[in-house]
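# Understanding the architecture of this molecule
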Amino acid sequence: MAQRAYIESVAQQQGEQVTIKGWLHNKTDKGKLHFLLVRDGTGTIQAVVFEDDVSPETFQAAQKVTQESSVIISGTVRAEQRAPGGFELTLGELEIVQLAEPYPITPKEHGVGFLMDHRHLWLRSPRQHAILRVRAEVIKACRDYFDDNGFVLVDTPILTPAACEGTSTLFETDYFGESAYLAQSGQLYSEASIASLGKVYCFGPTFRAEKSKTRRHLLEFWMVEPEMAYADLEDCMCLAEEFVSYIVRTVLENRKAQLKLLERDTALLERVEPPFPRITYDEAVDTLRSKGLDFQWGDDFGAPDETALAEAFEKPLLVHRYPSQVKAFYMEPDPERADLSLSVDCLAPEGYGEIIGGGQRIADYDLLLQRIDQYNLPGEAFQWYVDLRRYGSTPHSGFGLGIERTVAWICGLEHIRETIPFPRMLHRLYP
Ligand code: 4AD
Ligand code: MG
């Protein structure tokens with residue numbers, strides 16, 4: 001057999017004999033002529049099988065091969081303007097590695113429940129393939145950005161003794177007679193690491209027992225969280241806008257084909273660059289009321305509120321200084337207004353909602369103790385965290401960006417379930 005090639009790079013192998021290992025995506029039968037659409041993970045290519053040019057065995061194999069069979073094909077690469085990707089393969093040999101049984105996912109429309117039950121197969125469809133490629137690009141961009149800007153990766157634990165983001169969404173598990181909780185965020189541990197490394201980030205799966213079904217919530221999602229010593233809310237907001245802009249720019253540059261396949265209108269994405277518009281929570285409340293929404297000062301924004309706020313802007317929006325009562329225990333109070341916190345959320349445009357939450361952390365020992373008490377959190381489990389305020393406490397800040405919300409926004413997806421290979425949602429643990 002000829003040399004192994006990958007579909008994404010056949011353009012450089014025009015006129016050459018190559019071997020491609022993949023799966024049959026689709027097939028058209030024209031009597032003496034068969035068109036096989038073969039994909040190999042890097043792309044899709046059409047292979048043309050002409051009865052007079054191949055052995056009878058090969059032609060028979062082309063006749064019987066079924067959708068999603070694993071196949072090894074060899075042939076000559078030819079430029080063909082009408083073919084998707086501009087190239088096709090004049091097939092010489094076809095080996096069926098495994099003849100697939102009738103495939104449950106056909107080109108006809110399937111319901112979401114059916115597709116979710118077959119998620120292990122659904123991942124192969126062109127649309128899911130494109131989303132997975134964008135997701136990988138987003139994750140790479142996150143890592144590259146922090147690695148290249150002086151942040152050190154620090155891995156934080158998944159089994160933890162205490163809640164970071166409120167006790168109502170904890171997943172509890174038995175830890176040899178003790179209670180352990182799956183991490184809702186790595187933040188508290190990142191706060192410990194900054195006194196060693198200055199600027200750090202953690203990146204891992206996070207867990208929230210969200211009891212409501214929405215288009216934006218998963219029970220298991222991935223979060224990337226930078227944390228910086230000697231940094232205030234302003235530094236945090238500047239980092240957020242630089243970081244988000246970098247991610248969007250990188251995906252636009254490197255994943256054009258995928259965004260096109262997803263039919264994403266990229267006009268607004270092209271405009272994502274610093275600075276982002278910034279409004280305070282108070283201004284946000286005024287905006288909502290001016291739009292006729294009945295919003296109580298002191299409440300947290302719901303999805304419709306976030307959509308209404310973001311509507312006024314083309315770029316992502318930074319909303320800062322939320323009332324302390326809607327935020328976690330660790331938020332530094334605003335020195336100008338004790339009822340506000342030095343917090344910030346980044347709301348994506350086009351109704352995609354909050355993609356970032358963060359802010360400045362409490363640096364003072366006594367105040368932190370007081371807050372832990374006020375929030376009814378178990379003091380012992382947080383002792384180590386409070387300890388950080390006794391040995392070289394500094395002003396510090398950071399945030400968390402949700403990968404799936406970001407992918408949903410960049411890809412323009414209706415629902416977050418498509419942004420992660422195997423989504424964990426309310427009443428959905430299979431496959
Ligand atoms: O706003 P959150 O809860 O912030 C934190 O966890 C902080 N400890 C982060 C930090 O400052 N280091 O979550 C951060 C982001 C949200 O903006 C959202 O993008 C995502 O995580 N997120 C979810 N994504 C999917 N499903 C869920 N249930 C999510 N909950 C939060
Ligand atoms: Mg939040």
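## Brief notes about the overall build of the protein
Looking only at helices and strands, the protein features 13 helices and 19 strands. Its C-alpha atoms give the protein principal-axis dimensions of roughly 85 × 55 × 40 Å. Within the protein, the fraction of its 431 residues that count as buried is 51%. Relative to all contacts within the protein whose residues are 6 or more apart in sequence, the contacts with residues 24 or more apart total 66%.

## Digging into the site of ligand 1
Taken together, 25 residues lie around ligand 1, and Glu165, Gln187, Arg208, Glu225 and Glu354 are the ones closest in. In the environment of ligand 1, an oxygen atom lies 2.6 Å from a nitrogen or oxygen atom belonging to the side chain of Glu354. Between an oxygen atom of ligand 1 and a main-chain N or O atom of Ile356, the distance comes to 3.3 Å. In the complex, 94% of the free accessible area of ligand 1, which totals 630 Å², lies under the protein chains. Given that more than half its atoms are within 2 Å of the pocket grid, ligand 1 belongs to the largest pocket. Those elements giving two or more residues to the shell around ligand 1 turn out to be strand S12 (220–229), strand S18 (353–360) and strand S19 (396–402). Considering each element in turn, the shell around ligand 1 owes the most residues, five residues, to S18. In terms of residue class, the shell around ligand 1 is made up of nine nonpolar, eight polar and eight charged.

## Some points on helix H6 (residues 233–254)
Taking 1.5 Å per residue as the helical rise, H6 with its 22 residues ought to reach 32 Å, and the 32 Å between its terminal C-alpha atoms agrees with that figure. For H6, the side-chain oxygen to backbone nitrogen distance between the N-cap and Glu234 is 3.2 Å, and the N-cap itself is Asp232.

## Observations regarding the packing of helix H4 (residues 126–148) against H6
Where H4 meets H6, the axes come as close as 9 Å, and the angle between the chain directions of the two elements is 135°. With respect to H6, the element H4 is oriented oblique. Every pair of crossing elements has a handedness; the one defined by H4 and H6 is right-handed. In contact with Val134, Glu137, Val138, Ala141, Cys142, Asp144, Tyr145 and Phe146 of H4, H6 contributes Leu239, Glu242, Phe243, Tyr246, Ile247, Thr250, Val251 and Asn254.

## Focus on the sheet that holds strand S11 (residues 199–207)
Here eight strands make up an open sheet; going across it, the order is S7-S11-S12-S19-S18-S17-S14-S13 and the pairing mixed. Each edge of the open sheet carries a strand with a single partner, namely strand S7 (152–153) and strand S13 (278–280). Of the strands in this sheet, S7, S11, S12 and S19 touch helix H5 (residues 187–197), which is tilted by about 35° from S12. In the packing of helix H9 (residues 281–290) onto the sheet, the strands contacted are S13 and strand S14 (317–320), and the crossing angle to S13 comes to about 90°.

## A word on unusual backbone geometry
Residue Pro275 follows Pro274 across a cis peptide bond; omega there is -5°. Note that Pro275 resides in the loop between helix H8 (267–270) and S13. Omega for the peptide link from Tyr430 to Pro431 comes to -5°, which places this bond in the cis form. Examined against the element boundaries, Pro431 turns out to sit in the segment after helix H13 (403–411). One non-glycine residue with positive phi stands out, namely Arg321, at about 60°. You can see Arg321 is positioned in the loop between S14 and strand S15 (333–334). The partly exposed category is assigned to Arg321, whose relative accessible area is 25%. Backbone geometry at Glu350 places phi at a positive 60°, although glycine is not the residue there.

## A closer look at the nonpolar core
Counting residues in hydrophobic clusters, the biggest one holds 48 residues, and the most contacted among them are Trp409 and Ile410. Listing elements by their share of this core, those giving two or more residues are H4, S11, S12, H6, strand S17 (343–348), S18, S19 and H13. A total of eleven residues in this core trace back to one element, the largest contributor, which is H6. Leaving out residues up to four positions away in the same chain, Trp409 has contacts with Val244, Val248, Arg264, Leu269, Val272, Pro316, Ala348, Pro349, Glu350, Tyr352 and Ile355.

## Describing the packing of H9 against helix H10 (residues 303–311)
Closest axis-to-axis distance for the H9/H10 pair is 10 Å, and the angle between their directions is 95°. One way to sum up the angle between H9 and H10 is to call them roughly perpendicular. Two secondary-structure elements touch here, H9 through Ala284, Thr287 and Leu288 and H10 through Asp305, Ala308 and Leu309. Classifying every residue of the contact of H9 with H10 by side-chain character gives four nonpolar, one polar and one charged.

## A look at the side chain of Ser193
Topologically, Ser193 is positioned in helix H5. Judged by its relative accessible area of 12%, Ser193 falls in the buried class.

## Things to note about the domain arrangement of the protein
Under the domain assignment used here, the protein contains domain 1 (3–98) and domain 2 (119–419). The C-alpha-based centres of domain 1 and domain 2 are spaced at 45 Å. Between domain 1 and domain 2, the contact holds seven residues from the first and four residues from the second. Taken together, both faces of the contact between domain 1 and domain 2 bury some 360 Å²; the carbon and sulfur share is 39%. Among the residues of domain 1 in contact with domain 2, His25, Arg39 and Gly41 are the three that bury the most area, contributing 62% of the side total. Counting across the domain 1 and domain 2 interface gives one salt bridge. One salt bridge connects Arg124 with Glu68, and the closest N-O pair in it is separated by 2.9 Å. In this assembly, domain 1 and domain 2 are joined by two residue pairs in polar contact (both at pLDDT 80 or more). Looking at the side of domain 1 that touches domain 2, its residues break down into one nonpolar, three polar and three charged.

What counts, and at which threshold
- Residues numbered from 1 in each chain as written.
- Chains lettered and ligands numbered in written order.
- Predicted model: local features only at pLDDT ≥ 70, side-chain atom pairs only at ≥ 80, totals over all residues.
- Heavy atoms only, no water.
- Helix = DSSP H or I, 4+ residues; strand = E, 2+ residues; numbered from the N terminus.
- Buried < 20%, exposed > 50% of the residue type's maximum accessible area, 1.4 Å probe, protein only.
- Contact = heavy atoms within 4.5 Å.
- Near = heavy atom within 4 Å.
- Polar contact = N/O pair within 3.5 Å; in protein donor to acceptor, adjacent residues only side chain to side chain.
- Areas by Shrake-Rupley, 256 points an atom, 1.4 Å probe, with all protein chains shown as cover.
- 1 Å grid on protein atoms, 1.4 Å probe; cavity = no way out; pocket = protein on both sides within 12 Å on 5 of 7 lines; lining within 4 Å.
- Sits in = over half its atoms within 2 Å of the grid points.
- Nonpolar A, V, L, I, M, F, W, Y, C, P; charged D, E, K, R; others polar.
- Expected span 1.5 Å × (residues − 1).
- Axes fitted to C-alpha atoms, helices over the stretch in contact; angles between N-to-C directions.
- Parallel < 35°, antiparallel > 145°, perpendicular 65-115°, else oblique.
- Left-handed = near helix turned anticlockwise from the far one by under 90°.
- Pairing = 2+ DSSP bridges.
- Core = buried A, V, L, I, M, F, W, Y, C linked by side-chain atoms within 4.5 Å.
- Domains from an automatic or database assignment.
- Buried area = accessible area lost by both parts, 1.4 Å probe.
- Salt bridge = Lys/Arg side-chain N within 4 Å of Asp/Glu carboxyl O.

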